[in-house]
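The lines below spell out each chain.
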Amino acid sequence: MSQLDETLLRLGSVEPLEHESLSHYLGRLRRLKANSLPSAHALGQAAGIGGITARWEKLYFNPFPTEAELGAISRLIGLDTGRLQEMLPNRGMTLQPRPIRLCGACYAEVPCHRMAWQHKDIAAVCPHHPLRLLERCPSCKKPFQIPALWTDGKCYHCEMRFTSMVKYQERSKKTS
Ligand SMILES: [Zn+2]
Ligand SMILES: [Zn+2]
């Protein structure tokens, strides 16, 4: 293991966005020009923790990421482990990894996928806006891609902008 540690390259880091989910963050991290890690597996391998990061990119957090795994990523990119933990689902939150959800109003404020949208909640209302979350593109009806693949803020299929989708979000009568 020590031999592995010595050969580890320090990768470039990107600053997490407010409310950003780990899946969205890992995709940005991999696409950083200095890193250019072509696959989700490549990141985990560079950190010496195998392909587990590919599961995280798909919002699969069962088993939950361990401190050792997060520590390996943290050392690789020089970002505090606590910053990585902030991008994970809250303790006590039941995560529903599919469908991938979107609030266009949130995305207009900060262009990223938020973990809070994936709460297993029948109402599926945005925690920040009185709007129902979208579970597919309102134009072409395709499901959203995993957040790690959100590169340009558009539907990958019909190219409708995420920020334009807000007008298709039903207003919720609930005030939370
Ligand atoms: Zn919102
Ligand atoms: Zn579309």
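Residues numbered from 1 in each chain as written. Chains lettered and ligands numbered in written order. Predicted model: local features only at pLDDT ≥ 70, side-chain atom pairs only at ≥ 80, totals over all residues. Heavy atoms only, no water.

## Focus: the coordination of the zinc ion (ligand 1)
Note the cut-off: With water excluded from the atoms, a metal site may look incomplete; its donors are any N, O or S atoms within 2.8 Å, or within 3.2 Å for Na, K and Ca. Each label reflects the angles at the metal, where four donors whose angles all fall between 85 and 135 degrees are tetrahedral, four or six donors whose opposite pairs open beyond 155 degrees and whose other angles stay between 65 and 115 are square planar or octahedral respectively, and the rest are irregular. Counting from the N terminus, the helices are the DSSP runs of H or I reaching at least four residues and the strands are the DSSP runs of E reaching at least two. Whether a residue is buried, partly exposed or exposed follows from its accessible area with a 1.4 Å probe, protein chains only, as a fraction of its type maximum: under 20%, in between, or over 50%, in that order.
Those donors, Cys103 (SG), Cys106 (SG), Cys126 (SG) and His129 (ND1), are the protein atoms that reach the zinc ion (ligand 1), and they lie 2.1 to 2.3 Å from it. In this structure, the zinc ion (ligand 1) is coordinated by 4 donor atoms arranged in tetrahedral fashion, with angles at the metal of 100 to 115 degrees. Between consecutive donors of the zinc ion (ligand 1), the numbers of intervening residues give the motif C-x2-C-x19-C-x2-H. Of the two residues, Cys103 sits in the loop between helix H6 (81-85) and helix H7 (104-109) while His129 sits in the segment after H7, which places them 26 residues apart along the sequence. Given a relative accessible area of 0%, Cys103 falls into the buried group.

## What about the packing of aromatic side chains?
The test is simple: Working definition: a ring pair exists when centres of Phe, Tyr or Trp rings (six-membered ring for Trp) sit within 6.5 Å. Plane angles under 30 degrees give stacked, over 60 give edge-to-face, the rest tilted.
Within this structure, the stated rule accounts for 5 aromatic pairs. On the numbers, 5.9 Å between centres and 85 degrees between planes, the contact of Phe144 with Phe162 is edge-to-face. Linking Phe144 in the segment after H7 with Phe162 in the segment after H7, this pair joins segments that are 18 residues apart in sequence. One exposure class covers both Phe144 and Phe162, and it is buried. Members of the aromatic cluster, joined through ring pairs, are Tyr107, Phe144, Trp150 and Phe162.

## What about the pattern of salt bridges?
What counts here: Counted as salt bridges are all cases of a side-chain nitrogen of Lys or Arg within 4 Å of a carboxyl oxygen of Asp or Glu.
All chains considered together, the criterion is met by 5 salt bridges. A salt bridge links Glu15 to Arg83; the nearest nitrogen and oxygen atoms lie 3.0 Å apart. One end of the pair, Glu15, is in the loop between helix H1 (2-7) and helix H2 (22-31); the other, Arg83, is in helix H6, with 68 residues separating them in the sequence. As a salt-bridge pair, Arg101 and Glu135 come within 2.8 Å of each other at their nearest N and O atoms. Taken together, the positions of Arg101 in the loop between H6 and H7 and Glu135 in the segment after H7 put the pair 34 residues apart, joining distant regions of the chain.

Shape is all these values report; function is a separate question.
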